[in-house]
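# A structural walkthrough
Read off the chains here:
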Amino acid sequence: MTPTLKLLLIEDDASMQTALQRALSRRGMEVVGCTDGRQAVAQWSTAQPDVVVLDLSLPGLDGLQVLELARRQGLLTPVLILTARGTVGDRIMGLNLGADDYLPKPFDLDELEARLRALSRRRAAPSTETGPSQQLVGDLRYEKESGAIYHRDQVLELTPRELALLQTLIVKPGHAVSKERLFELVFPGETDVQYEAVEVVVYRLRKKLSHTGVTLVTLRGLGYLLKVDA
């Protein structure tokens, strides 16, 4: 039996909120709603959802501010931005702040459901790597059973996309992985996302690794690899 997907819907339009709650509930999801930006992060922490749907045009704090605050507080739930503000600039800013997917309004309900379930599966998917249960690269430690990556004894706070990318590189230290391969693993089945989106995830991840003694290196024409600092 498929587990119920717990969804936090942060949307200030009352009619949209009600319609989506009813439609997604009929599709087997447990939906908690929130309409105010200032309440959204507290609700996010309390609800402990599998996926968050986040509108950008919110009262109090807008959606991008909510996302930034949540990530700073270590809330790593996958986030799908759902908004009428469908400009490239908004999309890039959302990805930079830690969003995992983006669907402009108006949208198809079947596509929304498919994207939400894909984000949930990606978060829950166990590691498929074989061999030793741990992978060490400098002071980074990848626990394959849990999927977590540690710097010394502290878990690195990564978004699901950042984690998927780092997991791929850490099992092949010193070996380049192509942008195309990373795209397949970090954005599986997402045909409307460009390869350049990998660069956004790399940029964010590189900043988070800056204090670890391990550097994410770009090899032009070959891809990316992890290197332990001298």
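Summarised in this report is the structure supplied together with it. In this text, all values refer to a predicted model and were calculated from it rather than measured experimentally.

## Observations regarding the pattern of salt bridges
Going through the model one piece at a time under the given rule, you end up with 14 salt bridges. In this structure, the salt-bridge partner of Arg 152 is Asp 139, at a minimum N-O distance of 3.3 Å. Residue Arg 152 is located in the loop between β8 (149-151) and β9 (154-155), and its partner Asp 139 is located in the loop between β6 (134-137) and β7 (140-143); the two are separated by 13 residues in the primary sequence. For Glu 184, the salt bridge goes to Arg 181, with nearest N and O atoms at 3.1 Å. Here Glu 184 pairs with Arg 181, and both are found in helix α7 (residues 179-186), just 3 residues apart, close to one helical turn. In this structure Glu 184 comes out as partly exposed when scored by relative accessible area, which is 47%.

## A word on helix α3 (residues 63-72)
Among all positions in α3, only Gly 63, Leu 64, Val 66, Leu 67, Ala 70 and Arg 71 are buried. For α3, the angular spread of buried residues about the axis comes to 160°, placing them on one side. In this structure Asp 62 caps α3, since a side-chain oxygen of it lies 3.1 Å from the backbone nitrogen of Leu 64.

## Quick look at the side chain of Arg 115
Mapped onto the fold, Arg 115 is located in helix α5 (residues 109-124). Judged by its relative accessible area of 10%, Arg 115 falls in the buried class. Polar contacts involving the side chain of Arg 115 include one to the side chain of Asp 101, which spans 2.7 Å. In this structure, Arg 115 is in contact with Leu 80, Asp 101, Tyr 102, Leu 103 and Asp 192, ignoring residues within four places of it in sequence.

## What to know about the pairing of strand β1 (residues 5-10)
β1 sits mainly inside the fold: 5 of its 6 residues count as buried. Of the pairings in the sheet, the one linking β1 to strand β2 (residues 29-34) comprises 6 bridges and is parallel in character. Directly across from Ile 10, in β2, lies its bridge partner Cys 34. Between the parallel pair β1 and β2, the chain is carried across by helix α1 (residues 14-26), and the sense of this crossover is right-handed. Here 4 bridges tie β1 to strand β3 (residues 51-54), and the two strands are oriented parallel to one another. Following the sheet pairing, Leu 9 is matched in β3 by Val 53.

## Regarding the sheet that holds β9
Note on sheets: strands pair through backbone hydrogen bonds, and any given pair is parallel or antiparallel. One open sheet holds the 4 strands; their spatial order is β6-β7-β8-β9, and the pairing between them is antiparallel. One side of each edge strand has no neighbouring strand; the edge strands of this open sheet are β6 and β9. Summarising the sheet, β7 and β8 pair through 3 bridges and their orientation is antiparallel. The residue of β8 that forms the bridge with Tyr 142 is Ile 149. Along the sheet, helix α6 (residues 160-170) makes contact with β6, β7 and β8, crossing β8 at roughly 80°.

## Brief notes about the packing of aromatic side chains
All told, the structure shown has 1 aromatic pair when counted by the stated rule. Summarising the aromatic geometry, the rings of Phe 183 and Phe 187 are spaced 5.4 Å apart at their centres and angled 25° between planes, so their arrangement reads as stacked. In this structure, Phe 183 and Phe 187 share a single accessibility class: buried. The positively charged end of Arg 141 is found above the aromatic ring belonging to Tyr 150, 4.3 Å away from the centroid.

## Details of the sheet that holds strand β5 (residues 101-104)
Pairing in this open sheet of 5 strands is parallel, and the strands run β2-β1-β3-β4-β5 from one edge to the other. Looking at the sheet topology across the chains shown, the edges are occupied by β2 and β5. Along the sheet, successive strands turn relative to each other by an average axial angle of 20°, direction set aside. Each of β1, β2, β3 and β4 (79-83) touches helix α2 (residues 37-47); the most contacted strand, β1, lies at about 175° to it. Across the sheet, α3 touches β3 and β4, and the angle it forms with β4 is around 170°.

## With respect to the packing of α6 against α7
Interhelical geometry of α6 versus α7 gives an angle of 130° and a closest axis separation of 9 Å. Considering their axes alone, α6 and α7 lie oblique with respect to each other. Between α6 and α7 the crossing geometry is right-handed. Along the contact surface, α6 presents Arg 161, Ala 164, Leu 165, Thr 168 and Leu 169, while α7 presents Leu 182, Leu 185 and Val 186. In the contact of α6 with α7, the residues fall into 6 nonpolar, 1 polar and 1 charged.

Criteria and thresholds
Residues numbered from 1 in each chain as written. Predicted model: local features only at pLDDT ≥ 70, side-chain atom pairs only at ≥ 80, totals over all residues. Heavy atoms only, no water. Salt bridge = Lys/Arg side-chain N within 4 Å of Asp/Glu carboxyl O. Helix = DSSP H or I, 4+ residues; strand = E, 2+ residues; numbered from the N terminus. Buried < 20%, exposed > 50% of the residue type's maximum accessible area, 1.4 Å probe, protein only. Arc of directions from axis to C-beta. Polar contact = N/O pair within 3.5 Å; in protein donor to acceptor, adjacent residues only side chain to side chain. Contact = heavy atoms within 4.5 Å. Pairing = 2+ DSSP bridges. Right-handed = clockwise from strand over helix to strand, strands pointing away. Axes fitted to C-alpha atoms, helices over the stretch in contact; angles between N-to-C directions. Phe/Tyr/Trp six-rings, centres within 6.5 Å; stacked < 30°, edge-to-face > 60°. Lys NZ or Arg CZ within 6 Å of the ring centre and 35° of its normal. Parallel < 35°, antiparallel > 145°, perpendicular 65-115°, else oblique. Left-handed = near helix turned anticlockwise from the far one by under 90°. Nonpolar A, V, L, I, M, F, W, Y, C, P; charged D, E, K, R; others polar.

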